[in-house]
Amino acid sequence: MYGYFDYEHPLFRPPSEAHSLIFQITLGCSRNRCTFCGMYKGKPFHVRPVADIHTEIESIPPAHRPHIQRIFLADGDALIYPQKGLLEILDALDRTFPRLTRIGVYASPASLAGKTAEELAALRERKLRILYCGLESGDDATLLAIDKGYTSGEMLAFCRKAQSAGIKLSVTAILGLAGAERSREHARATAEWISTLSPEYFSLLTLFYRHNDDFLRGIVPLTRGGILEEACELLRHLAPHRTILRSNHVSNFLQLAGSYPKDRQILIAQVESAIARARNHPEWYDEIPDYREEIY
């Protein structure tokens, strides 16, 4: 579908949206201040006009439309789109793609704070069925250090509001984000937050370089062995009611997939096995990863 309209790069989407048709209804990130994140640095945020989105929707040839089942609305904070315009876009998508089953978006704390439960329910009725939310950490000290702008408690309340509207949540946290100093606190607080919310999906990413030099200079980075130890600490304390766990992002060097609580022991055993192997290679504990390696 890339030939029918131009994307403004960089363009990001979750791994689970690999086969989705993507429309950029916003560009950049409405906050763009988190110190660890360089995804949209140099890309000013703005909301694209509804008319432009309509034009792109209509540009998809009729012969292709029945094959579209999932759509992802970019960029980094599409849920911030004003409610009236967002409803118009969702209605247009539903009219145009007869087999459409699900629409997904990234959702920042600010965008969730700005929508009422009733507004979120109205979006769900128009097939907005999943929100991708970056928790980053359940540890408030870490959230303050990265300038997330919200506490873990505030984000928990926002996510519960989305759940009450019947929207599925996919929450991400970042291994290594707190550095060596608060690794244990970061792991345990994140596990507690996820256990309290029990989102449908929980994904682990690993800290890496993308235009965030100042942040990386301000922490003592974890070694690769330290990243594995942090992941194991998190999994041991994780106890959601029912959550699918993934670590399938390109930043991860240990791939995990399972469901909590059913696969808890299997997942922990996989990380413990990786740790045991890593301890046979001193460089995994002596050398700091090259965070300057670009990952796309």
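As the structure is a prediction and not an experimental result, all values here were calculated from the model.

Before we go on, may I ask you to explain the overall build of the chain in this structure?
A tally of helices and strands in the chain yields 11 helices and 10 strands. For the chain, the C-alpha radius of gyration of 19 Å lies close to 19 Å, the compact-globule estimate for 296 residues. Taken across its 296 residues, the chain has 53% of its residues classed as buried. Carbon and sulfur atoms make up 52% of the accessible area of the chain, which amounts to about 13,500 Å² in all. Distance from the positive charge centre (35 side chains) to the negative charge centre (36 side chains) of the chain: 6 Å.

Before we go on, may I ask you to explain the pairing of strand β7 (residues 168-175) in this structure?
Each regular strand displays side chains that alternate between the two surfaces of the sheet. Within β7, six of the eight residues are buried, leaving the element largely enclosed by the surrounding structure. Here strand β6 (residues 128-136) pairs with β7 via six bridges, running parallel. Along β7, the bridge assignment pairs Ile130 with Lys168. Pairing between β7 and strand β8 (residues 201-206): six bridges, direction parallel. Counted as the bridge partner of Val171 is Phe202 from β8.

Even after reading the chapter, I still don't get the environment of Tyr201, so can you show me in this structure?
Relative to the elements of secondary structure, Tyr201 occurs in strand β8. When its relative accessible area of 26% is taken as the criterion, Tyr201 is described as partly exposed. In this structure the C-alpha to C-alpha distance between Tyr201 and Val171, which are 30 residues apart in sequence, comes to 6.2 Å. Leave out the neighbours within four places in its chain, and Tyr201 touches Ile130, Leu169, Ser170, Val171, Thr243 and Ile244.

Can you help me understand the nonpolar core in this one?
Soluble globular proteins tend to pack their nonpolar side chains together in the buried interior. By size, the foremost hydrophobic cluster in this structure holds 92 residues, and its most contacted members are Phe23, Leu73, Leu93 and Leu131. Setting aside its immediate chain neighbours within four residues, Leu73 contacts Phe23, Ile25, Ala78, Leu86, Leu90, Leu93, Ile103, Gly104, Val105 and Tyr106.

Sorry if this is basic, but what is going on with helix α4 (residues 117-125) here?
Quick reminder: α-helices carry 3.6 residues per turn. Residues three or four places apart thus point the same way. Among all positions in α4, only Leu120, Ala122 and Leu123 are buried. Taken around the axis of α4, the buried residues stretch over an arc of 155°, which confines them to a single face. Exposed side of α4, more than 90 degrees from the buried face: Glu118 and Glu125 are the residues found there. Where α4 is buried, its residues meet α2 (83-96), β6 and α6 (152-164). Lys127, located one to two residues past α4, shows a positive phi value of around 80°.

Explain the confidence of the model for the chain to me, please; I cannot follow it from the model alone.
Note that predicted coordinates carrying low pLDDT should not be read in detail. Of the residues in the chain, 94% have a pLDDT of 70 or more, and the chain-wide mean is 93. Taken together, the stretch residues 292-296 has pLDDT below 50 and engages in 13 contacts with residues farther than four places along the chain or on a different chain.

What is the right way to read the side chain of Ser108 from this model?
Residue position: Ser108 is located in the loop between β5 (102-106) and α3 (109-113). Ser108 sits in the buried class, given a relative accessible area of 14%. Excluding residues that lie within four positions of it along the chain, Ser108 makes contacts with Ser30 and Asp77.

Which parts of the structure should I look at to understand empty space enclosed by the protein?
Taking a probe equal in size to a water molecule and rolling it over the atoms shows the remaining empty space. According to the stated counting rule, one finds two cavities of 30 Å³ or more in the structure shown. Of the voids in this model, the largest cavity is the one considered here, and its volume is about 80 Å³. Around the largest cavity sit Leu175, Leu204, Thr206, Ile227, Leu228, Ala231, Ser247, Asn252, Phe253, Leu254 and Leu256, which together line it. Residue assignment for the lining of the largest cavity shows that the elements contributing at least two residues are β8 and α9 (224-237). It is α9 that contributes the most residues to the lining of the largest cavity, three residues altogether. Taken together, the residues of the lining of the largest cavity break down into eight nonpolar, three polar and no charged.

Help me understand the packing of α6 against helix α7 (residues 183-197), please; the structure alone is not making it clear to me.
When two helices pack together, their arrangement is given by the angle between their axes and by how far apart the axes lie. Running from amino to carboxyl end, α6 crosses α7 at an angle of 25°, the nearest separation of the two axes being 11 Å. Relative to α7, the element α6 is oriented roughly parallel. The two elements α6 and α7 meet at a crossing, and its hand is right-handed. In contact with Ser152, Met155, Leu156, Cys159, Arg160 and Gln163 of α6, α7 contributes Trp193, Thr196 and Leu197. The residue makeup of the contact of α6 with α7, split by class, is five nonpolar, three polar and one charged.

Calculation rules
- Residues numbered from 1 in each chain as written.
- Predicted model: local features only at pLDDT ≥ 70, side-chain atom pairs only at ≥ 80, totals over all residues.
- Heavy atoms only, no water.
- Helix = DSSP H or I, 4+ residues; strand = E, 2+ residues; numbered from the N terminus.
- Rg over C-alpha atoms; globule rule 2.2 N^0.38 Å.
- Buried < 20%, exposed > 50% of the residue type's maximum accessible area, 1.4 Å probe, protein only.
- Areas by Shrake-Rupley, 256 points an atom, 1.4 Å probe, with all protein chains shown as cover.
- Lys, Arg positive; Asp, Glu negative; His and termini not counted.
- Charge placed at Lys NZ, Arg CZ, Asp CG, Glu CD.
- Pairing = 2+ DSSP bridges.
- Contact = heavy atoms within 4.5 Å.
- Core = buried A, V, L, I, M, F, W, Y, C linked by side-chain atoms within 4.5 Å.
- Arc of directions from axis to C-beta.
- pLDDT = per-residue confidence, 0-100.
- 1 Å grid on protein atoms, 1.4 Å probe; cavity = no way out; pocket = protein on both sides within 12 Å on 5 of 7 lines; lining within 4 Å.
- Points joined across faces, edges and corners; volume = space filled by probe spheres on them.
- Nonpolar A, V, L, I, M, F, W, Y, C, P; charged D, E, K, R; others polar.
- Axes fitted to C-alpha atoms, helices over the stretch in contact; angles between N-to-C directions.
- Parallel < 35°, antiparallel > 145°, perpendicular 65-115°, else oblique.
- Left-handed = near helix turned anticlockwise from the far one by under 90°.

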